[in-house]
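# Reading the structure
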Amino acid sequence: MVLIPLLMSTAASTLLASTLGLSAQAQAPIPAPDVGEVMGQYFCLEMTGQISAAESNLLLEQELLEIYGETPTLVSMERLAILDNDMAAALEDPYTFDVLRAMMAVAIADDDCFKAVFFNQ
């Protein structure tokens, strides 16, 4: 599956969570479409070979931190950590599913990314 390599590095989000040391479970995450759009931009850069997976994840988290702050970013990354462990469960989680849907909308709208993701070009 194409999404697995992209999303395997949400382990960096676990590092972010432990670094911040926040208990953010009671807080609301960043809206899924917003996370998906930013994630999609870095996903496309990664899929077209412009940045590495590690850079993609780092830049994603930095951008979300700059725009939304620590707690909402942490909550969102905690919600997306399911992608590291169980893709089937991730697809059943409404938040994660909406993030993935928005991410793929970005990939589909970008011709080079679309070709790289779906046709390995």
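This text follows the structure it describes.
Worth saying up front: this structure is predicted, and the values here are computed from it rather than measured. (Residues numbered from 1 in each chain as written. Predicted model: local features only at pLDDT ≥ 70, side-chain atom pairs only at ≥ 80, totals over all residues. Heavy atoms only, no water.)

### Looking at the state of the cysteines
We count it as follows: By convention in this document, the label disulfide applies to cysteine sulfur atom pairs within 2.5 Å. Put simply, DSSP H or I for four residues or longer makes a helix, DSSP E for two residues or longer makes a strand, and each gets a number counted from the N terminus. For the exposure calls, accessible area comes from a 1.4 Å probe over protein chains only, and a residue counts as buried if that area is under 20% of its type's maximum, exposed if over 50%, partly exposed in between.
Scanning the entire structure with this criterion turns up one disulfide. Between the sulfur atoms of Cys44 and its disulfide partner Cys113 the distance amounts to 2.2 Å. On the sign convention where negative is left-handed, the bridge of Cys44 and Cys113, at about -85° about the S-S bond, is left-handed. Residue Cys44 is located in helix α3 (residues 32–47), and its partner Cys113 is located in helix α9 (residues 111–119); the two are separated by 69 residues in the primary sequence. Cys113 matches Cys44 in its accessibility class, with the two residues each being buried.

### A word on helix α4 (residues 53–68)
The condition is simple: Expected helix span is given by 1.5 Å per residue-to-residue step, counting one fewer step than there are residues. Note: the arc covers the axis-to-C-beta directions of the helix.
In this model α4 runs 22 Å from its N-terminal to its C-terminal C-alpha over 16 residues, within 8% of the 22 Å that 1.5 Å per residue would give. Of the residues making up α4, those classed as buried are Ser56, Asn57, Leu60, Glu61, Glu63 and Leu64. Considered in projection along α4, the buried side chains sweep an arc of 160° and stay on one side of the axis. Exposed residues on α4 whose side chains face more than 90 degrees from its buried face are Ala54 and Glu66.

### As for the pattern of salt bridges
Rules: By salt bridge we mean one thing: a side-chain nitrogen of Lys or Arg within 4 Å of a carboxyl oxygen of Asp or Glu.
For the structure on display, the rule yields two salt bridges. The partner of Arg101 in a salt bridge is Asp98, and the shortest N-O contact between them spans 3.9 Å. Taken as a pair, Arg101 and Asp98 lie in helix α8 (residues 94–109) at a separation of three residues, close to a single helical turn.

### Quick look at the packing of α4 against helix α5 (residues 70–80)
Convention followed: Axes here refer to lines fitted to C-alpha atoms; in helices the fit is confined to the stretch in contact. Angles between the N-to-C directions go from 0 to 180 degrees. Geometric relationships in this document are graded by angle, where less than 35 degrees denotes roughly parallel, more than 145 denotes roughly antiparallel, 65 to 115 denotes roughly perpendicular, and other angles denote oblique. Note on contacts: a residue pair is in contact if any heavy atoms of the two residues lie within 4.5 Å. Polarity classes work like this: nonpolar for Ala, Val, Leu, Ile, Met, Phe, Trp, Tyr, Cys and Pro, charged for Asp, Glu, Lys and Arg, and polar for all others, with Gly in that last group.
Taken N-terminus to C-terminus, the directions of α4 and α5 make an angle of 140°; their axes are 7 Å apart at the nearest point. One finds that α4 runs oblique with respect to α5. Across from Glu61, Leu64, Leu65 and Tyr68 in α4, the residues of α5 making contact are Glu70, Pro72, Thr73 and Met77. A per-class count over the contact of α4 with α5 returns five nonpolar, one polar and two charged.

### Some words on the packing of aromatic side chains
Threshold: Any two of the Phe, Tyr and Trp rings considered here, Trp counted by its six-membered ring, make a pair once their centres fall within 6.5 Å; the pair's planes then place it as stacked at under 30 degrees, edge-to-face at over 60, or tilted in between.
Within the structure shown, the criterion is met by two aromatic pairs. Centre to centre, the rings of Phe114 and Phe118 are 5.0 Å apart; their planes meet at 45°, and the pair counts as tilted. Remark: Phe118 and Phe114 occur in helix α9; sequence separation between them is four residues, near one turn of the helix. Phe114 gets classed as partly exposed once you look at its relative accessible area, which sits at 30%. Look at Phe118 and you get partly exposed, because its relative accessible area is 39%.

### A word on the nonpolar core
What counts, and what does not: Among the buried residues, those of types Ala, Val, Leu, Ile, Met, Phe, Trp, Tyr and Cys that are joined through side-chain atoms within 4.5 Å form a nonpolar core.
The biggest cluster of nonpolar side chains holds 25 residues, and the ones touching the most others in it are Val35, Phe43, Leu64, Leu80, Tyr95 and Val99. Counting only elements with at least two residues in this core, the list comes to α3, α4, α5, α7 (87–92), α8 and α9.

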